[in-house]
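Summary of the model geometry
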Amino acid sequence: MALCAKKRPPEEERRARANDREYNEKFQYASNCIKTSKYNILTFLPVNLFEQFQEVANTYFLFLLILQLIPQISSLSWFTTIVPLVLVLTITAVKDATDDYFRHKSDNQVNNRQSQVLISGILQQEQWMNVCVGDIIKLENNQFVAADLLLLSSSEPHGLCYIETAELDGETNMKVRQAIPVTSELGDIGKLAKFDGEVICEPPNNKLDRFSGTLYWKESKFPLSNQNMLLRGCVLRNTEWCFGLVIFAGPDTKLMQNSGRTKFKRTSIDRLMNTLVLWIFGFLVCMGVILAIGNAIWEHEVGMRFQVYLPWDEAVDSAFFSGFLSFWSYIIILNTVVPISLYVSVEVIRLGHSYFINWDKKMFCTKKRTPAEARTTTLNEELGQVEYIFSDKTGTLTQNIMVFNKCSISGRSYGDVFDVLGHKAELGERPEPVDFSFNPLADKKFLFWDPSLLEAVKLGDPHTHEFFRLLSLCHTVMSEEKSEGELYYKAQSPDEGALVTAARNFGFVFRSRTPKTITVHEMGIAITYQLLAILDFNNIRKRMSVIVRSPEGKIRLYCKGADTILLDRLHCSTHELLGPTTDHLNEYAGEGLRTLVLAYKDLDEEYYEEWAERRLQASLAQDSREDRLASVYEEVERDMMVSAQRRPRAGRTGPSLLLSCQENALWDFQLLGATAIEDKLQQGVPETIALLTLANIKIWVLTGDKQETAVNIGYSCKMLTDDMTEVFIVTGHTVLEVREELRKAREKMLDSSRAVGNGFSYQEKLSSSKLASVLEAVAGEYALVVNGHSLAHALEADMELEFLETACACKAVICCRVTPLQKAQVVELVKKYKKAVTLAIGDGANDVSMIKTAHIGVGISGQEGIQAVLASDYSFSQFKFLQRLLLVHGRWSYLRMCKFLCYFFYKNFAFTMVHFWFGFFCGFSAQTVYDQYFITLYNIVYTSLPVLAMGVFDQDVPEQRSMEYPKLYEPGQLNLLFNKREFFICIAQGIYTSVLMFFIPYGVFAEATRDDGTQLADYQSFAVTVATSLVIVVSVQIGLDTGYWTAINHFFIWGSLAVYFAILFAMHSNGLFDMFPNQFRFVGEEEQRAWRVCVRKDGQSEMWLSGADTGLASTRSRVRLPGMPRTRWPSPRCGSPSRLPRSSASCLWLPFGSSG
């Protein structure tokens, strides 16, 4: 294991030579042993304690324990602090040890897996941990890949192999990987044993989709890309065997590089608690100073008279020094205002809330067998405070199940069905779908309603044939033929699968592919195209192209991509076709369909050879390889050197320009048409958005789709409504245009609120902060739609505040054509300037940055793998579950945590402040009121379980009411239930209760006598009375604070009382006193006294009546104290709470904590 953790200097490049361990060992590369565990038997105790004492609270209590070990200042036994501290440390250590045990078990299981390694020309079985960089490994079908390998050869033709990457990115569809041609023939063990090629590549990194390297062999260089790599964690599928060269091993593999810790997120309540704890500590110091000063004065004025029989300790030589020691003694005694059990209780409550989310059957997707999952336990109460939701569209609001719906070919639109009167037929009025029985390879699940498109195909229309030919060739889909004529397509995206399936049904059937060929059955005739190049799709290019050579030898580039990208690359001769196609694109987008533009371009053989050489050089570059390849791709997809010479010169017009266009027609893109794919909304999305909007949650949609599509989806899901005052659309291409459009939007909002006077706008009168508050209070409902290029300007430093002010004044915001980085920037902008909790929800890898940036990240387990889920804090399978996560679980978690904290601080101040008052009556001697066992057990036995039960199970209203009245969510957004004001109110109530706790029994006992005339006021009776009153008061009070009673609440509350009395009688019994007189110093008379009081009633009732009076006065004050926090309760008679005035006490306004 030591080898696994060995530190190495950072790499600039990786060099790996095949079959040469001696050469590779000099670089000290990591072995293939992995270690995810943190401890071993020897290091567990010191390392775990070191980690735990990095928590400020644990260090604080350790400091108190050290103080208690100093006899001169300790008035409490050391176990009053060490028992709860050790309990907390032990519980945490057991949890950490259990987690680490399973990590050890998992590590050992993985490290001891067997792999076939080529050593000295012989395949030998080796454990994974013994595999080294430069080794050649043989993999067999269904085996896991042991390390990051360069694929050398396989059992499939052309060095192909198929892998499943579910463990890496969650995608279950198979992907193809290919060996470079020069090594694809190395299938023989003898040839592999002689292979001595050297790979020089990038250093270890966490980029799953990128790899850049070069193979040097036989004095030649060969470029390597991600398509040649098999990454650790993948599974070999449908391939009998393959060989690979280990490039990265163990912790250097991309799988392990991606297993780093995510950023720790803290809730607003956590941050507030940290501040409050510092304030409490300051208050504790102030009380210590006051009592220390009192001790010094008392010792100087009064204590000097008792020196004869109450002398100072040897170390104390003055009243001042006595006060100094008294200060530390009181710090020890009063430290229970912040007990260590607070932090443990908070974590237990959060864990319970997380289990409730995991166990919620109403958030379980039966179709996918996917439950909701709380992937963190630290953010539950934050779910009850969300003000902004940032949502992806595709796969989040929609199903991400694509259906080929319409298309535009050569200026004609297909897909609509018209009745005899020429009106468009609705779905229910349509005739039977198109019959594809002519095609034995058609997908029977595919439905299309416009027969004219099939007629055009059958009539041999060249444009229609070229349209579907492009769809059947320009993709990365894999085809699997399970039986004769039964094709199964495996696509990396649902869009590709839908388009290839459409081409299949209309007679252009994609059958198979090799690294160099694609075979398509065109109207029943098998045609094999030579695949010359694939220009991959990515979020920057927003297009994909293939270059193929037809059987006739013609080279053609086929391209499909976003309209904003391709329309700028079209040849001028297609302008007549551009108009109707653009109209169709706008029409499709207006119906909420996803659109792509299709185009092609013929290439000259000579030009292609020159371009292919430039592409090869770019692929061999060690630096900026991806940028160089992107530049080469851009060149062939836009201009060529030959066509550049033929471009119209400046000033050419009329026939000259037309001639130039005709000359250039061969070289630039020719428009074929466009596709329109339907991605239906998920079930319940409109209702969810409407409900969240009523809860005063603002929803922003950040999507890569075009504006019209996003706006249509906005109306479909009720983000945008016809009742809105206005929908502002920002489409400016320059900074000035965007600023002007935002300014006009703000002015319109202010004008509608009659906020403009004397010809001057509010921008000229108000500061930025005041303007923002005025804008958010404007009358009317507005929405803002921003395009991607406009958003890039709006996010610039000098304009971001203007954009934020305008957007936050709107009820809904839609950002179109945005990149993953822009999504994160928008979320960060709101986090930076708005004191509001943000939530981001998405389903794909392009949403990961947004999910990690927001306060709360939610992942949808949909069609695009589980990258978003792996990066999220919460996950489920459908958007509609978000309403339940926030309005039920989030609101309850916030309510429970707030009530827990209020009660916890109340009960501990009531408990601790009694010592403060007692100091004025005991000469400030740091004498405790309670016995030390009561102090030890108060927070861990007598009062711990009832408050935990309330924090875990309490409800103010049933879940149905939470959904019916979304306005109940607003107190969390406004942070009303626990803030600095509520904290001080709880502290004041605790202090007031402590006054009653101390002075009522004191007043009763001061002059009381027994039946025999002896003084009743002894320390033991007073201490027991105050302690008993305290336990009864806090138990009754939590009963009043509990709004939802369960059997567990009853058992914990009344059981804690019963345990207290059982321990009380045991502690004060003669037996314990006789056995341990030094530890149990109270004379064992309490049992007999209680018996006389309760049974014989011989006049000793003052002690018990004083306790009853104290409890009654305390609970009455708690219920009736003016200004206490109040909770609103809806009733069927009152309707929505938001519409009722505060005077409606009979219906709604009950004291805080009332059980209703």
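Refer to the structure presented above.
One structure accompanies this document, and this report is about it. Quick caveat: nothing in here was measured; it's all calculated off a predicted structure.

**Things to note about the nonpolar core**
Where a protein is soluble and globular, its nonpolar side chains tend to be buried together. Ranked by internal contacts, the top residues of the largest apolar core, which has 90 residues, are Phe900, Leu901, Tyr930, Phe934, Phe978 and Leu1030. Element by element, the count of residues in this core is highest for helix H30 (residues 881-919), at 19 residues. When sequence neighbours within four positions are dropped, the list of residues in contact with Tyr930 reads Ala910, Phe911, Val914, His915, Ile935, Tyr1019, Ala1023, Val1026, Ala1027 and Leu1030. The next biggest cluster of nonpolar side chains, apart from the first, holds 49 residues, and it includes Ile137, Val145, Ile180 and Phe243.

**A short note on the sheet that holds strand E10 (residues 220-224)**
Across the sheet, which stays open at both edges, the 4 strands sit in the order E1-E8-E9-E10 with antiparallel pairing between neighbours. Strands at the two margins of the open sheet, each flanked by one partner only, are strand E1 (14-17) and E10. With direction set aside, neighbouring strand axes in the sheet form an average angle of 20 degrees. Pairing geometry for strand E8 (residues 198-201) and strand E9 (residues 213-217), over 4 bridges, is antiparallel. Residue pairing across strands places Val199 opposite Leu215, the latter belonging to E9. Relative to the sheet, helix H16 (residues 605-620) contacts E9 and E10, its axis offset from that of E10 by approximately 80 degrees.

**Let's talk about the pattern of salt bridges**
Close approach of charged atoms allows side chains of opposite charge to pair. This model, assessed by the stated rule, comprises 47 salt bridges. A salt bridge links Glu202 to Lys254, with the shortest nitrogen-to-oxygen separation between them at 3.6 Å. Of the two residues, Glu202 sits in the loop between E8 and E9 while Lys254 sits in helix H7 (residues 254-257), which places them 52 residues apart along the sequence. Residues Glu202 and Lys254 agree in their burial class; the two are buried.

**So, the packing of aromatic side chains**
For the structure shown, the criterion picks out 59 aromatic pairs. Between Phe911 and Phe934, the ring centres sit 6.1 Å apart and the planes meet at 50 degrees, which makes this aromatic pair tilted. Of this pair, Phe911 sits in helix H30 while Phe934 is found in helix H31 (residues 932-942), placing the two residues 23 residues apart along the sequence. You'll find Phe911 and Phe934 in the same group, each marked buried. Through a chain of ring-to-ring contacts, the aromatic side chains of Phe916, Trp917, Phe918, Phe920, Phe921, Phe924, Phe998, Phe999, Tyr1002 and Phe1022 assemble into a single cluster. The cationic tip of Arg113 hangs over the ring face of Phe144; the distance from NZ or CZ to the ring centre is 4.8 Å. Above the ring of Phe904, the side-chain terminus of Lys907 is found at 4.3 Å from the ring centroid.

**Some thoughts on the environment of Phe44**
When you line up the elements, Phe44 lands in helix H2 (residues 44-52). Sequence separation between Phe44 and Asp100 is 56 residues, and the spatial gap between their C-alpha atoms is 9.6 Å.

Calculation rules
Residues numbered from 1 in each chain as written. Predicted model: local features only at pLDDT ≥ 70, side-chain atom pairs only at ≥ 80, totals over all residues. Heavy atoms only, no water. Core = buried A, V, L, I, M, F, W, Y, C linked by side-chain atoms within 4.5 Å. Buried < 20%, exposed > 50% of the residue type's maximum accessible area, 1.4 Å probe, protein only. Helix = DSSP H or I, 4+ residues; strand = E, 2+ residues; numbered from the N terminus. Contact = heavy atoms within 4.5 Å. Pairing = 2+ DSSP bridges. Axes fitted to C-alpha atoms, helices over the stretch in contact; angles between N-to-C directions. Salt bridge = Lys/Arg side-chain N within 4 Å of Asp/Glu carboxyl O. Phe/Tyr/Trp six-rings, centres within 6.5 Å; stacked < 30°, edge-to-face > 60°. Lys NZ or Arg CZ within 6 Å of the ring centre and 35° of its normal.

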